[in-house]
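For reference, the chains in residue letters:
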Amino acid sequence: MNTTNTYNLFDELDDFDLDEKGQERFVRRNPKKLPKSEQAFLHKQDDSVAGFKFTYKAARFESWWLLDSLGEFYEHQWVSDVLRRVKGGKEASVYQCRAGSAIPGGGLVAAKVYRPRMLRNLKNDAAYREGRTDLDSEGRQVINDGDLHAMAKRTAYGEELRHTSWIAYEFDTLQALREAGADVPEAYAMQKNAILMGYVGDDVGCAPTLSEISLERSEARPLFERVLRNIDILLACKRIHGDLSAYNILYWDGDITLIDFPQVVNPEGNRNAYKIFERDMERICEYFSRQGVRTDARKLAGDLWQSHGYKTRQEVDVRLLDGEDPKDRAIWQKQKSGR
Ligand SMILES: Nc1ncnc2c1ncn2[C@@H]1O[C@H](COP(=O)(O)OP(=O)(O)OP(=O)(O)O)[C@@H](O)[C@H]1O
Ligand SMILES: [Mg+2]
């Protein structure tokens, strides 16, 4: 079975729902109703990483998906066990894992495992992808004409490349930001569906997000400054988070950790860049003003943006414009006349 069919099969088997108490749970189809070839494929999955038995009691299909997604981490001894699912989401679930011998110091690590339907649903990603080249599974830019064509035409293979690129951006961004001194988890490894990174929290559970807690008055201001410092580092690394809010910042022992980067945007060459940046700033300011910090999102956004020499009105790279599209032609005319 090729990778795309595998995703489709898992996607079909895996459904996500909330029970009557609003708790997440996996709703499963009956495996006996699958065609024989698919049943055989799933059983083969069990054998392929036979040594990988984990403590976490996953439902049947989730367990297959985990073997498929984390198998390589296990083989390369990045992880030795999956302990619990700390968060399930629409697009990804995060698991607390025990580090394998390849990670100095051992301890706990977090595996973010994208859900099968990511491939189908890639969040309307066009606005984010504009102006950023796609990355392959090694984090290299996709420049091969055949690959680019497959992505543009949205063939099954092209969709797989887009999926990989989305995850590679998250991994690459974590590495770049960490190196630049930002408060983000250390990124250890990536596989086609998953990222392995530093874990924030303790044995019992992961750190809460800022959205889940209220800050002491005295710590709100310094933490706000800390977030701004991180946004500044992001801009210096030519990145806008693109989905920054109190939901994507973890809080632990008085420190913050920014997470969730697949949709990062390049501040240069994306015509929506400033709008996306301003929305990030507004969400952050909204949270901190509720915590008693006086903020002015628009002014802060403008000042930070300009301090990095970015232009508020973006010139669109002509290579991104479609000559056949009247709207794109209008943009091009406008730019050419300097209006
Ligand atoms: N490195 C980490 N350490 C501990 N917990 C983490 C880590 N990364 C993510 N989490 C937990 O998993 C949740 C989801 O992670 P993330 O925001 O990256 O995924 P997502 O795709 O946005 O999922 P969702 O749709 O639920 O927001 C986080 O809110 C946090 O609770
Ligand atoms: Mg998130």
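The coordinates are above.
Residues numbered from 1 in each chain as written. Chains lettered and ligands numbered in written order. Predicted model: local features only at pLDDT ≥ 70, side-chain atom pairs only at ≥ 80, totals over all residues. Heavy atoms only, no water.

With respect to the helices and strands, the residue Leu234 is situated in helix H8 (residues 217-236). Overall, Leu234 belongs to the buried group, its relative accessible area being 3%. Residues Leu234 and Gly181 lie 53 residues apart in sequence; the distance between their C-alpha atoms is 10.0 Å. Apart from the residues within four sequence positions on either side, Leu234 is in contact with Leu177, Arg239, His241, Leu258 and Phe261. (Helix = DSSP H or I, 4+ residues; strand = E, 2+ residues; numbered from the N terminus. Buried < 20%, exposed > 50% of the residue type's maximum accessible area, 1.4 Å probe, protein only. Contact = heavy atoms within 4.5 Å.)

Below, the discussion takes up the site of ligand 1. Around ligand 1 sit 18 residues, and of these Lys87, Lys112, Gly198, Val200 and Asp260 come closest. Within the side chain of Lys87, one N or O atom sits 3.0 Å away from an oxygen atom of ligand 1. With respect to ligand 1, the backbone of Val200 contributes an N or O atom lying 3.0 Å from a nitrogen atom. When residues of the shell around ligand 1 are traced back to their parent elements, those giving at least two are strand S4 (92-99), strand S5 (108-114) and strand S7 (194-198). (Near = heavy atom within 4 Å. Polar contact = N/O pair within 3.5 Å; in protein donor to acceptor, adjacent residues only side chain to side chain.)

Attention shifts here to the coordination of the magnesium ion (ligand 2). The coordination sphere of the magnesium ion (ligand 2), as far as protein atoms go, consists of Asn248 (OD1) and Asp260 (OD), spread over 2.2 to 2.3 Å. Of this pair, Asn248 sits in the loop between H8 and strand S8 (249-252) while Asp260 sits in the loop between strand S9 (255-258) and helix H9 (273-290), and the two are twelve residues apart along the sequence. Summarising the burial analysis for this pair, Asn248 and Asp260 share the class buried. (Donors = N, O, S within 2.8 Å, 3.2 Å for Na, K, Ca; no water.)

All chains considered together, the criterion is met by ten aromatic pairs. Taken together, a centroid distance of 4.3 Å and an interplanar angle of 10 degrees make the contact between Phe52 and Tyr74 stacked. Of this pair, Phe52 sits in the loop between helix H2 (36-48) and helix H3 (60-75) while Tyr74 sits in helix H3, and the two are 22 residues apart along the sequence. The interplanar angle of 35 degrees and the centroid separation of 5.1 Å between the aromatic rings of Phe277 and Trp305 together place this pair among those described as tilted. Of the two residues, Phe277 sits in helix H9 while Trp305 sits in helix H10 (residues 297-307), which places them 28 residues apart along the sequence. Each member of the pair, Phe277 together with Trp305, is buried. Chaining the aromatic ring pairs together yields one cluster made of Tyr274, Phe277, Trp305 and Tyr310. (Phe/Tyr/Trp six-rings, centres within 6.5 Å; stacked < 30°, edge-to-face > 60°.)

Our focus in this paragraph is the sheet that holds strand S6 (residues 187-190). Note on sheets: strands pair through backbone hydrogen bonds, and any given pair is parallel or antiparallel. Taking strand neighbours across the sheet as the criterion, the five strands line up as S3-S4-S5-S7-S6 in an open arrangement whose pairing is antiparallel. Single-partner strands in this sheet number two, and they are strand S3 (79-88) and S6. Going from strand to strand, the sheet's axes swing by 25 degrees on average, the running direction of each strand aside. Note: S5 against S7, five bridges, orientation antiparallel. (Pairing = 2+ DSSP bridges. Axes fitted to C-alpha atoms, helices over the stretch in contact; angles between N-to-C directions.)

Glancing now at the packing of H8 against H9. At their nearest, the axes of H8 and H9 sit 11 Å apart, and the two run at 170 degrees to each other. The orientation of H8 with respect to H9, classified from their angle, is roughly antiparallel. Each of Ala220, Leu223, Phe224, Val227, Leu228, Ile231 and Leu235 in H8 lies in contact with H9, whose residues at this interface are Phe277, Met281, Ile284, Cys285 and Phe288. When the residues that make up the contact of H8 with H9 are grouped by side-chain class, the tally is twelve nonpolar, no polar and no charged. (Parallel < 35°, antiparallel > 145°, perpendicular 65-115°, else oblique. Nonpolar A, V, L, I, M, F, W, Y, C, P; charged D, E, K, R; others polar.)

Our focus in this paragraph is the pairing of S5. Of all the seven residues making up S5, six are buried; the element is thus mostly covered by neighbouring parts of the structure. Sheet topology places S4 next to S5; seven bridges connect them, and they run antiparallel. Each bridged residue has a counterpart across the sheet, and for Arg98 the counterpart in S5 is Leu108.

Structurally, Gln263 can be placed in the loop between S9 and H9. Since its relative accessible area comes to 0%, Gln263 is described here as buried. Here Asp260 takes part through its backbone oxygen, which lies 3.0 Å from a polar atom of the side chain of Gln263.

A word on unusual backbone geometry. Despite not being glycine, Gln77 has its phi angle at roughly 60 degrees, a positive value. Relative to the assigned elements, Gln77 resides in the loop between H3 and S3. Here Asp260, not a glycine, exhibits a phi torsion of approximately 70 degrees, which is positive.

Let's shift gears to the packing of H9 against H10. Here H9 crosses H10 at 130 degrees, and the two axes come no closer than 9 Å. With respect to H10, the axis of H9 lies oblique. Between H9 and H10 the crossing geometry is right-handed. Between H9, through Ala273, Tyr274, Phe277, Glu278, Met281, Glu282 and Cys285, and H10, the contact on the second element is made entirely by Ala297, Arg298, Leu300, Ala301, Gly302, Leu304 and Trp305. (Left-handed = near helix turned anticlockwise from the far one by under 90°.)

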